[in-house]
Amino acid sequence: MTITMFRAKLHGLRVTEADLYYEGSITIDQELLELAGILPYEKVQVVNVNNGARLETYTLPGERGSRVVCLNGPAARLAARGDQVLVIAYAQMTPEEARKHRARVVLFDEHNEPKQTLALSVEEALAATSESGAG
């Protein structure tokens, strides 16, 4: 059996462009993809903080250092320039693999500059909830 786990997230990116008449996908600065460990053409979920829209698409690498975040094709109707989005990648793993998994989160400022990178551990989360009596 496998379960779906959150693997990586680009948190708080700002949309810089929307190109309705492109084939589809989300173009993201290659450097930002690499920070989170998200590959070109990887399936991702995009969540728009401003309007609640959620969509699934795949990533396209944008020019390194450009800080571009461009929703392409029909997805362009779900975001406006300046909207804040979360880009989330998931992975299938066994429960045993999941317990050892560390998700990577990259937090951004309003100019798509990385502020902080976090590694979220399932083991640490379980230990913390056990210690606090939660769960």
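Our structure is the block above this text.
Quick caveat: nothing in here was measured; it's all calculated off a predicted structure. (Residues numbered from 1 in each chain as written. Predicted model: local features only at pLDDT ≥ 70, side-chain atom pairs only at ≥ 80, totals over all residues. Heavy atoms only, no water.)

Colleague: Before we go on, may I ask you to explain the nonpolar core in this structure?
Modeller: In a soluble, globular protein the nonpolar side chains are often hidden away together inside. Core analysis: the largest hydrophobic core is formed by 22 residues, its most contacted members being Leu10, Leu13, Ile26, Ile38, Val46 and Val87. Going through the elements one at a time, β1 (3-14), β3 (25-29), α1 (30-36), β4 (43-48), β6 (69-72), β7 (84-93) and β8 (102-108) are the ones with two or more residues in this core. Among all residues touching Leu10, those that are not within four sequence positions of it are Ile28, Leu32, Leu33, Ala36, Ile38, Val85, Leu86, Val87, Val106 and Phe108. (Core = buried A, V, L, I, M, F, W, Y, C linked by side-chain atoms within 4.5 Å. Buried < 20%, exposed > 50% of the residue type's maximum accessible area, 1.4 Å probe, protein only. Helix = DSSP H or I, 4+ residues; strand = E, 2+ residues; numbered from the N terminus. Contact = heavy atoms within 4.5 Å.)

Colleague: Help me understand unusual backbone geometry, please; the structure alone is not making it clear to me.
Modeller: Glycine aside, residues mostly have negative phi, and peptide bonds are mostly found in the trans state. Phi angles above zero are rare outside glycine, and Arg67 is one such case at about 65 degrees. With respect to the helices and strands, the residue Arg67 is situated in the loop between β5 (54-62) and β6.

Colleague: Would you mind showing me how to read the pattern of salt bridges here?
Modeller: It is possible for side chains of opposite charge to pair when their charged atoms get near one another. Per the stated rule, a full pass over the model turns up 7 salt bridges. For the salt bridge of Lys43 with Glu56, the shortest nitrogen-to-oxygen distance reads 3.4 Å. Taken together, the positions of Lys43 in strand β4 and Glu56 in strand β5 put the pair 13 residues apart, joining distant regions of the chain. Considered together, Lys43 and Glu56 belong to a single accessibility category, that of exposed residues. Between Glu113 and Arg67 there is a salt bridge, with its nearest N and O atoms 3.3 Å apart. Pair noted here: Glu113 is in the loop between β8 and β9 (114-121) and Arg67 is in the loop between β5 and β6, with a separation of 46 residues, a long-range link. Note on Glu113: relative accessible area 33%, which makes it partly exposed. Here the residues in one salt-bridge network are Asp29, Glu31, Arg67 and Glu113, joined through shared partners. (Salt bridge = Lys/Arg side-chain N within 4 Å of Asp/Glu carboxyl O.)

Colleague: Mind showing me how you'd approach the pairing of β1 here?
Modeller: Along a regular strand, successive side chains alternate from one face of the sheet to the other. Relative to β7, β1 is paired through 10 bridges, and the arrangement is antiparallel. Considered in β7, the bridge of Leu13 is made with Val85. Bridge analysis of β1 against β8 gives 4 bridges, and the strand direction is parallel. Opposite Ala8, over in β8, you have Arg104 as the bridge partner. (Pairing = 2+ DSSP bridges.)

Colleague: Would you take a moment to explain the sheet that holds β3 for this structure?
Modeller: Backbone hydrogen bonds hold the strands of a sheet together, and the pairing may be parallel or antiparallel. Judged by pairing direction, the sheet is mixed, and its 9 strands sit side by side in the order β2-β6-β3-β5-β4-β7-β1-β8-β9 without closing on themselves. Among the strands making up the open sheet, the edge pair consists of β2 (17-19) and β9. Ignoring which end each strand starts from, the neighbouring axes of this sheet average 30 degrees apart. (Axes fitted to C-alpha atoms, helices over the stretch in contact; angles between N-to-C directions.)

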